Amino acid sequence: MNLGLDGKVVVITGAATGIGRATAHAFAREGAVLGLLDLDSAELERTAAGAEGASPVHLAVADLSTEAGVKEGLDTVIEAAGGRVDVLFNNVGSGAVRTFDELDDTAWQRTLELNFFSQVRAIRHVLPLMRERGAGVIVNNSSDLARQPEPVPIDYGVSKAAVLSLTKALARSEGPAIRVSAVAPGPVWTEFWTKPGGFAETLGEFHGMEPKQAVEHEMGLRQLPMERLGTPEEVANVVVFMASEAASYVTGTVWGVDGGSIRNLI
């Protein structure tokens, strides 16, 4: 199937590892021009090195939890790509397993700055360019926890629920020229889980178990029909489809890539 992405300018935040890296490589195989942003310069370079087929790849090292970082990073890659953005994949995010009582205002604000406001700021930056051209696609990375909240991580789930509300509202305001949708991954085995202080380690602390044992315990509690964690590539494939001409009638939707974790009908 020809997805119509050859030569399209695709900007991806949080592109250094995990879903961001897998999605960058998937777009590269379709011949897209890539603009990749992340704070981790070394891993960002590794992502670029593996982006076979992309022509070319533009990088920006940026702190996407700040307004200045989002602006400067996007300015860098958009200017390098000729001032155009066809697709924005708002992927950057982070989280740790903490109870409500463990979260003070500072912790809540940090989560919202990276997981939610980075998306608001990136969209605010690219929308004028898309409106001027009368076309564009925005895909926001949310989570199954936005639609099916768990006691922990409560701040993460709230931030991702906000992403869904933003997505639905913008799909209505920016159609028909610009399509806006969200992908909602379930548990996906990436550095998001495995890094020091990430989901696996903090989940272990929460359950009083070793990280691997805690993850297996959590998956049992969630009763996933697929009985496993997902892979970054499985999410990337859906994001690329949503951004492509093959999904030209798809907007305002939330596409779950969650192993069947969501049980509700809508």
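These lines cover the structure that appears in this document, whether it is placed above or below. All figures in this text were calculated on a predicted structure; none of them were measured in a lab. (Residues numbered from 1 in each chain as written. Predicted model: local features only at pLDDT ≥ 70, side-chain atom pairs only at ≥ 80, totals over all residues. Heavy atoms only, no water.)

**Here's the deal with the sheet that holds strand β5 (residues 136–141)**
Where we set the bar: Any two strands with at least two DSSP bridges between them are considered paired. We count a stretch as a helix when DSSP gives it H or I for four or more residues in a row; a strand needs E for two or more, and each element gets its number in order from the N terminus. What counts as an axis is a line fitted to C-alpha atoms, over the stretch in contact for a helix, and the angles between N-to-C directions run from 0 to 180 degrees.
Within the open sheet, the seven strands sit side by side as β3-β2-β1-β4-β5-β6-β7. Their pairing is parallel. In this open sheet, the two strands that pair with only one neighbour each are β3 (57–61) and β7 (254–257). Averaged over all neighbouring strand pairs, the angle between strand axes comes to 15°, with direction disregarded. The sheet contact formed by β5 and strand β6 (residues 178–185) spans six bridges and is parallel.

**Let's talk about the packing of helix α1 (residues 18–29) against helix α2 (residues 41–49)**
Here is the rule: Any angle between 65 and 115 degrees counts as roughly perpendicular, while under 35 counts as roughly parallel, over 145 as roughly antiparallel, and the rest as oblique. Should the near helix be turned counterclockwise from the far one by less than a right angle, the crossing is left-handed, whereas a clockwise turn marks it as right-handed. Contacts were defined at the residue level, with two residues in contact if any of their heavy atoms lie within 4.5 Å. Amino acids are sorted into nonpolar (Ala, Val, Leu, Ile, Met, Phe, Trp, Tyr, Cys and Pro), charged (Asp, Glu, Lys and Arg) and polar (every other residue, Gly among them).
At a closest axis distance of 9 Å, the pairing of α1 and α2 adopts a crossing angle of 25°. With respect to their mutual orientation, α1 and α2 come out roughly parallel. Of the two possible hands of crossing, α1 and α2 adopt the one that is right-handed. Contact with α1, carried on its side by R21, A24 and H25, involves E43, R46 and T47 of α2 and no other residues of that element. Partitioning the contact of α1 with α2 into residue classes produces one nonpolar, two polar and three charged.

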